[in-house]
Amino acid sequence: MRVLGIEGTAWCASAALHDTEADSTVIESDPYEPDSGGIHPREAAEHMSEAIPEVVGTVLDAAEAEYGPDAIDAVAFSRGPGLGPCLRTVGTAARSLAGALDVPLVGVNHMVAHLEIGRHESGFSNPVCLNASGANAHLLGYHDGRYRVLGETMDAGVGNAIDKFTRHVGWNHPGGPKVEAAAAEVSGDGRGPEAADLLELPYVVKGMDFSFSGISSAANDAYDDSEPVEEICFSLQEHVFGMLTEVSERALSLTGADELVLGGGVGQNDRLREMLAEMCSARGAAFHAPDPRYLRDNAGMIAVLGARMAAAGDTLEIRESRIDPNFRPDQVPVTWRDDESSVARVGNGDGGDHDGRGAEAVVEVVDADDDGLVEGIVDRPIVRKRRIPKEYRHPALDRSLRRDRTVAEARLTNEARRAGVPTPLVYDIDVPEATLTLQHVGDRDLAAILHGGGESGGSDGSDEGRSDRTLRAVRSVGRHLARLHRAGFVHGDPTTRNVRVGSGRSGSEGDRGGDPAPDPTYLIDFGLGYHTGHVEDHAMDLHVFEGSVTATATDSDRLVDAFEDGYREEGDEVVLDRLREVRRRGRYR
Ligand SMILES: C[C@@H](O)[C@H](NC(=O)OP(=O)(O)OC[C@H]1O[C@@H](n2cnc3c(N)ncnc32)[C@H](O)[C@@H]1O)C(=O)O
Ligand SMILES: [Fe+2]
């Protein structure tokens, strides 16, 4: 099959021909380059109306010269997300071409195309995908017929966050390559990125979500304070890409996936690719970054996904082919994959058992008798948790993150217990080694139960009994978070991996906080927690938990309802209202 693809969501007018038999793709692009500053929507739209017919004409003429009048079997176009006026030009061109050639029309989601091109090139079956593009930044994984958003920016896209700084400095679009070149002047002197000085900038991750608004403003302020621009660029990259790499690792850990693909224009940055490659190799995961011509906006990725969709019969009638400037990747029914598969792996080793390697720490279960420290005081296994250095991160940033999180975890774990939330006891803290010695609680984590593995204990083995117990466990997590919030702090990373579940058998260890539920649930890993009274921060805690459930569990609606019911029992309804607002917020700006 030969598919003509058309792209033009914001700055790049592009057409491509993808031939599935030869697996070859020809791309013709004409970028819009503003004389100064960022993308001006009106100028971008004018560029599209001139450049789209030209690039399409070039590709079509070449195709017909080679294959004759029946060269094209389908026309695929970027339906969104993007700038409305640009998308309309693309949509009109695609509709009229499909009509004139009398071939099917395929409407492609630009963000799904950014990730599918990496999957296509790498041959990975079920990767986590990091989309690092101009107007977006998110982690996606396939589950139950859709690409689920595992984590995403809470405000600006990653490219836009960088471009906001370059506009302030007076550099024109695209800013990313200019920041990369300036940063290389600091790090590219043979000492490597690790050796250069780092300016302290905001580093904001919440579970697998993250925020860039603070860092763009802080970089602008540093420039106004006459800090050298090369140093700001270097520090901006270290922080922003460090955040993206950290959340990617957390997504691999949560799902148990061992493949990562990169997508989007910012993926052309060598430092980002280096960090992701290093992180993946340290955890034994495979990493693929597509060729740069497929990372930046291009019609090749639209044609490649368009061909898969066309082959699956996923085509559009003209009357239903509207563009959608806010088209989210998780709205797309995925028709071109076998939907049995999932990014969430069952029985992935560190799920059912506490022993193993999480996203940021190595956790070891030790027999208390073998440990000089607590011998004679506790007779149950204890947990030794060490936040290991991350080679991909700048050493100064790495040290402060490991230290701060270790201290926060010890403190908030105790505060949570005082607020009536079951947590492990903290036996010891070694700050220089970023190591905690903790009580061992529960026999598996909630993720393992939701993924379908590791359910054991209890007398009722029927499916109904199992799901009731799971719903009760999820509901109790809602109550726990409400108690934390009433006590004035957030967990910061309440994913299903950070909830331990006990067997409910008599004699099971731990403080049940007065909760008579048969399966006690414990919150662990408070390293990303902090004190806050803001409704928005409380709502984000709920959003993180729900994200980890919907991305990996089947029948997630019932679980989410149970969780919110639990929160309602002890928490503030205002937080639940804000949660709905957080969910609704569009990311394209
Ligand atoms: C909706 C669609 O219009 C949008 N596309 C988009 O923003 O273009 P894309 O090609 O995926 O990414 C462009 C961004 O990629 C950045 N960029 C390009 N080369 C870079 C580099 N070497 N380092 C860092 N950023 C880079 C640019 O500064 C710009 O912000 C999107 O995918 O979000
Ligand atoms: Fe893009």
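All values reported here derive from a predicted model rather than from experimental measurement. (Residues numbered from 1 in each chain as written. Chains lettered and ligands numbered in written order. Predicted model: local features only at pLDDT ≥ 70, side-chain atom pairs only at ≥ 80, totals over all residues.)

Novice: Explanation requested: the overall build of the protein chain in the structure shown.
Specialist: Counting its regular elements, the protein chain contains 17 helices and 22 strands. Put simply, of all contacts in the protein chain between residues at least 6 apart along the chain, 76% involve residues at least 24 apart. (Helix = DSSP H or I, 4+ residues; strand = E, 2+ residues; numbered from the N terminus. Contact = placed C-beta atoms within 7 Å.)

Novice: Could you clarify how one ought to interpret the site of ligand 1 in this entry?
Specialist: The local shell around ligand 1 holds 26 residues, among which S133, G134, G159, G176 and G265 are the closest. Listed by contribution, the elements that provide at least two residues to the shell around ligand 1 are α3 (110-122), α4 (158-169) and α5 (176-187). Here the residues of the shell around ligand 1 sort into seven nonpolar, 15 polar and four charged. Here the shell around ligand 1 spans two domains, and each of domain 1 (2-116 + 295-331) and domain 2 (119-290) adds at least three residues to it. (Near = placed C-beta within 6 Å. Nonpolar A, V, L, I, M, F, W, Y, C, P; charged D, E, K, R; others polar. Domains from an automatic or database assignment.)

Novice: What is the right way to look at the sheet that holds strand β8 (residues 146-152) in this model?
Specialist: Across a sheet, paired strands are connected by hydrogen bonds in the backbone, their directions being either parallel or antiparallel. Strand order in the open sheet formed by five strands is β8-β7-β6-β11-β12, with mixed pairing between adjacent strands. In this open sheet, the two edge strands, each paired with only one partner strand, are β8 and β12 (286-288). Going across the sheet, the axis of each strand differs from the next one's by a mean of 25°, ignoring polarity. (Pairing = 2+ DSSP bridges. Axes fitted to C-alpha atoms, helices over the stretch in contact; angles between N-to-C directions.)

Novice: Help me understand the domain arrangement of the protein chain, please; the structure alone is not making it clear to me.
Specialist: By a widely used convention, the size of an interface equals the accessible area lost when the partners come together. Segmenting the protein chain into domains produces domain 1 (2-116 + 295-331), domain 2 (119-290) and domain 3 (356-584). Averaged C-alpha coordinates put domain 1 and domain 2 at centres separated by 27 Å. Each side of the interface is counted separately: domain 1 has 18 residues, and domain 2 has 24 residues. With five residues, the single largest contributor to the side of domain 1 that touches domain 2 is α3. Considering only residue class, the side of domain 1 that touches domain 2 consists of nine nonpolar, four polar and five charged.

Novice: How should I be thinking about the UniProt feature "binding site: L-threonylcarbamoyladenylate" (unreviewed entry) in the protein chain in this particular structure?
Specialist: Sites flagged by UniProt as "binding site: L-threonylcarbamoyladenylate" (unreviewed entry) map to N131, A132, S133, G134, A135, D163, G176, E180 and N269. Here A135 lies in the loop between β6 (128-132) and β7 (137-143). The class for A135 is buried, based on 24 C-beta atoms found within 10 Å. Tracing the sequence through the fold places D163 in helix α4. C-beta crowding within 10 Å serves as the criterion here: with 26 such atoms nearby, D163 is assigned to the buried category. Excluding anything up to four places from it in sequence, D163 contacts G38, H173, P174 and G175. (UniProt positions renumbered as here; feature names shortened; annotations may be inferred. Buried ≥ 20, exposed ≤ 12 C-beta atoms within 10 Å, placed from the backbone.)

Novice: Please explain helix α9 (residues 270-283) as it appears in this structure.
Specialist: Counting along an α-helix, one turn takes 3.6 residues, and residues three or four places apart therefore face a common direction. When the terminal C-alpha atoms of α9 are compared, their 20 Å separation across 14 residues agrees well with the 20 Å that a helix rising 1.5 Å per residue should span. Looking at α9, one finds that the buried residues are R271, L272, M275, L276, M279 and C280. The buried residues of α9 occupy an angular sector of 165° when projected down its axis, which confines them to one face. Phi turns positive one or two residues past the end of α9, at G284, with a value near 75°. (Expected span 1.5 Å × (residues − 1). Arc of directions from axis to C-beta.)

Novice: Explain the UniProt feature "binding site: Fe cation" (unreviewed entry) in the protein chain to me, please; I cannot follow it from the model alone.
Specialist: In this numbering, the UniProt entry assigns the feature "binding site: Fe cation" (unreviewed entry) to H110, H114 and D297. Taken together, the annotated residues stretch across 188 residues yet fold into one region, lying no more than 8.7 Å apart by C-alpha. In this structure, H110 sits in helix α3.

Novice: What exactly am I supposed to notice about unusual backbone geometry here?
Specialist: Most peptide bonds take the trans configuration, and most residues that are not glycine carry a negative phi. Backbone torsion omega between G80 and P81 reads 0°, so that peptide bond is classified as cis. Of note, P81 is situated in the loop between β4 (74-80) and α2 (84-101). The omega torsion of the bond from H173 to P174 falls at -5°, within 30 degrees of zero and hence cis. Relative to the helices and strands, P174 resides in the loop between α4 and α5. If you check the backbone angles, D102 has positive phi at about 60° while not being a glycine. By the element assignment, D102 lies in the loop between α2 and β5 (105-109). In this structure, D144 takes a positive phi of about 55° despite not being glycine. Judged by the 18 C-beta atoms lying within 10 Å of it, D144 falls in the partly exposed class.

Novice: Would you mind showing me how to read the sheet that holds strand β1 (residues 2-7) here?
Specialist: Pairing in this open sheet of five strands is mixed, and the strands run β3-β2-β1-β4-β5 from one edge to the other. The sheet is open, and its two edges are formed by β3 (24-31) and β5, each paired on a single side. For this sheet, the mean inter-axis angle between neighbouring strands, taken without regard to orientation, is 20°. Pairing between strand β2 (residues 12-19) and β3: eight bridges, direction antiparallel. Considered in β3, the bridge of A13 is made with D30.

Novice: When you look at the nonpolar core in this model, what are you seeing that I'm missing?
Specialist: Most often, soluble globular proteins have nonpolar side chains that are buried together. In this structure, I6, V75, L236, V240, L244, I302 and A303 are the most contacted members of the largest nonpolar core, which totals 149 residues. Looking at which element gives the most residues to this core, the answer is helix α8 (residues 229-255), with 13 residues. (Core = buried A, V, L, I, M, F, W, Y, C linked by C-beta atoms within 7 Å.)

Novice: How should the pairing of β8 be read in this particular structure?
Specialist: Taken residue by residue, a regular strand's side chains alternate between the two faces of the sheet. A large share of β8 lies buried, amounting to six of its seven residues. As paired elements, β7 and β8 share six bridges and run antiparallel to each other. Pairing of L140 across the sheet is with V149, part of β8. The antiparallel pairing of β7 with β8 creates a hairpin that spans two residues between the two strands, and D144 there sits at a positive phi of about 55°.

Novice: Is there a simple way to think about the confidence of the model for the protein chain in this case?
Specialist: Chain-level pLDDT for the protein chain is 89 on average; 89% of the residues reach the 70-or-more range. Every residue in residues 347-354 is under pLDDT 50, and counting partners more than four places away or in other chains gives 22 contacts. When the criterion is pLDDT under 50, residues 505-517 qualifies, and its contacts beyond four places in sequence or with other chains add up to 23 contacts. Complex prediction metrics read pTM 0.91 and ipTM 0.95. (pLDDT = per-residue confidence, 0-100.)

Novice: In this structure, what is going on with the environment of T58? I would like to understand it.
Specialist: Tracing the backbone through its elements, the reader meets T58 in helix α1 (residues 41-67). By the C-beta count within 10 Å, which is 14 here, T58 ends up partly exposed. In the structure, T58 is positioned 43 residues away from A15 in sequence and 8.4 Å away in space, judged by C-alpha atoms.

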